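Each chain, written out:
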Amino acid sequence: MAVQAPTGTMSRSQTQRRKRIVQTAAALAVRGGVDAMQMRSVAERAGVALGTLYRYFPSKMDLVVAVVTEELDLLEGGIVRRPPTADTPSGRAVDVLLRATRGLMREPELADALVRSLIMAEVKVELDTRISDLVWRVATGNLEGVAPGPADDTEGAEDDAPVDRGDTGYVLAESLTSVWIFELVEILKGRRNVDEAERRLRTAADHLLASF
């Protein structure tokens, strides 16, 4: 069984190769959806051997997750450059979740594949934890430690301001993220539009984060 290369231990050339693979996969997905992200096609267009591709990404779902993670890196960078300005913790939290929703909805097929991976646990996905961390940070006004750009450019940034994931406040922020994931599923199924999801998120946030 192939084992995905840990990003924290890769050399600069390996990091650049991985980034090229992810960007190639994203470009294919933009033109043809997830179905266009065939591993052989990605390898050929990225200029790497198929075996090399599988060392970085043991499955297509791992590659999908990497593409969506790039979107999250952009979201975190945007939050640092332009923090939410709402007066309340719940308002700031919803701002983050709406930015994430709009980013994912630019590529709904990728978003659908990611949500399936979260629900089915096909691969180890940390998107929900990263979103919860970000929601907690903006709700508490503590953006220290949030990477200003792609994670591989800021190794160790998270260690500057560790998040206590056992704290009651964090658990409430995590619960809001769970509501967001459900709303994202509803949007992808066509049972909810973004405006409706926003109203429901604001209601949930007002109650869950009332003690912040």
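Caption draft 1: Representation of helix 2 (residues 39-46) in the model. Those residues of helix 2 not exposed but buried are Met39, Val42, Ala43 and Ala46. Viewed along the axis of helix 2, the buried residues span an arc of 100°, placing them on a single side of the element. The exposed set on the far side of helix 2, more than 90 degrees from its buried face, consists of Arg40, Glu44 and Arg45. Structurally, helix 2 contributes buried residues whose contacts are with helix 1 (12-32), helix 3 (50-56) and helix 4 (60-81). Gly47 lies just past helix 2 and shows a positive phi near 75°.

Caption draft 2: Spotlight on helix 8 (residues 168-188). In this model helix 8 runs 31 Å from its N-terminal to its C-terminal C-alpha over 21 residues, within 8% of the 30 Å that 1.5 Å per residue would give. Regarding helix 8, its N-cap is Asp167, as a side-chain oxygen of that residue lies 2.9 Å from the backbone nitrogen of Gly169 further along. Positive phi appears at Gly190, one or two residues downstream of helix 8, with a value of about 80°.

Cut-offs and rules
- Each chain carries its own residue numbering, running from 1 in the written order of its sequence.
- Selection of residues for local features in this predicted model requires a pLDDT of at least 70, selection of side-chain atom pairs for listing and counting requires 80 or more, and totals for whole chains, interfaces and linings are taken over all residues.
- As a rule here, side-chain values come from all non-hydrogen atoms in the structure, and water together with hydrogens is ignored.
- Only protein chains enter the accessibility calculation, which uses a 1.4 Å probe. A residue is then buried if its area is under 20% of the maximum for its type, exposed if over 50%, and partly exposed in between.
- What counts as a helix is a DSSP run of H or I of at least four residues, what counts as a strand is a run of E of at least two, and both are numbered from the N terminus.
- The arc in question is traced by the directions running from the helix axis to the C-beta atoms.
- Every residue pair with non-hydrogen atoms within 4.5 Å of one another is taken to be in contact.
- Any helix carries an expected span of 1.5 Å times its number of residues minus one.
- Pairs of N or O atoms are called polar contacts if they sit within 3.5 Å, as long as, within protein, a hydrogen donor faces a hydrogen acceptor (for residues adjacent in sequence, only side-chain-to-side-chain pairs).

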